[in-house]
Amino acid sequence: MLKCKDVAHRAGEYLEGSPDKRLKWQMRLHLAMCRHCRRFVRHLTLTQDLSTSVAQFEPCSPDKSQKIVQKIRSKS
Ligand SMILES: [Zn+2]
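The sections below set out a description of the structure shown in this document. For clarity, every value in this text was computed on a predicted model and none was experimentally measured.

Cut-offs used in this document
Residues numbered from 1 in each chain as written. Predicted model: local features only at pLDDT ≥ 70, side-chain atom pairs only at ≥ 80, totals over all residues. Heavy atoms only, no water. Helix = DSSP H or I, 4+ residues; strand = E, 2+ residues; numbered from the N terminus. Buried < 20%, exposed > 50% of the residue type's maximum accessible area, 1.4 Å probe, protein only. Contact = heavy atoms within 4.5 Å. Areas by Shrake-Rupley, 256 points an atom, 1.4 Å probe, with all protein chains shown as cover. Lys, Arg positive; Asp, Glu negative; His and termini not counted. Charge placed at Lys NZ, Arg CZ, Asp CG, Glu CD. Donors = N, O, S within 2.8 Å, 3.2 Å for Na, K, Ca; no water. Axes fitted to C-alpha atoms, helices over the stretch in contact; angles between N-to-C directions. Parallel < 35°, antiparallel > 145°, perpendicular 65-115°, else oblique. Left-handed = near helix turned anticlockwise from the far one by under 90°. Nonpolar A, V, L, I, M, F, W, Y, C, P; charged D, E, K, R; others polar.

### Points about the overall build of the protein chain
A tally of helices and strands in the protein chain yields four helices and zero strands. Its helices and strands taken in sequence order, the protein chain reads α-α-α-α from the N to the C terminus. When the 76 residues of the protein chain are sorted by exposure, 17% land in the buried category. Considering only contacts in the protein chain between residues 6 or more positions apart, those separated by 24 or more positions represent 52%. Accessible area for the protein chain stands at about 6500 Å²; split by element, carbon and sulfur atoms hold 56% of it. Each charge sign in the protein chain was given a centre, from 16 positive and 7 negative side chains, and these centres are 9 Å apart.

Now the structure itself:
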């Protein structure tokens, strides 16, 4: 049976869809029994999704950034 530190170490591999069926089974078994690792894997998934979303944004021009800052300041 995997230990929590094993789950933390191999969570990325698991989430990327590792073809290792034994790893999948061991991870699922551990996650079914350990709420801490379920939370860790859920947060890791959210972080990966957020990173993907942020990577799709185009950089904001300094002009546009300044306009946004002015707009925020005018509302406070
Ligand atoms: Zn655990």
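Picking up after the structure, the text goes on.
### Focus: the coordination of the zinc ion
Binding of the zinc ion to the protein goes through C4 (SG), H30 (NE2), C34 (SG) and C37 (SG), at separations of 2.1 to 2.3 Å. C4 sits in the partly exposed class, given a relative accessible area of 39%.

### What about the packing of helix α1 (residues 4–15) against helix α2 (residues 21–33)?
Between α1 and α2, the shortest axis-to-axis distance is 11 Å and the interhelical angle comes to 125°. Considering the angle they form, α1 stands oblique to α2. Crossing handedness for the pair α1 and α2: left-handed. Listed contacts from α2 to C4, V7, R10, A11, E13 and Y14 of α1 are L23, K24, M27, R28, H30 and L31. Taken together, the residues of the contact of α1 with α2 sort by class into seven nonpolar, one polar and four charged.

In short, the description is geometric, and any link to function would need to be established separately.
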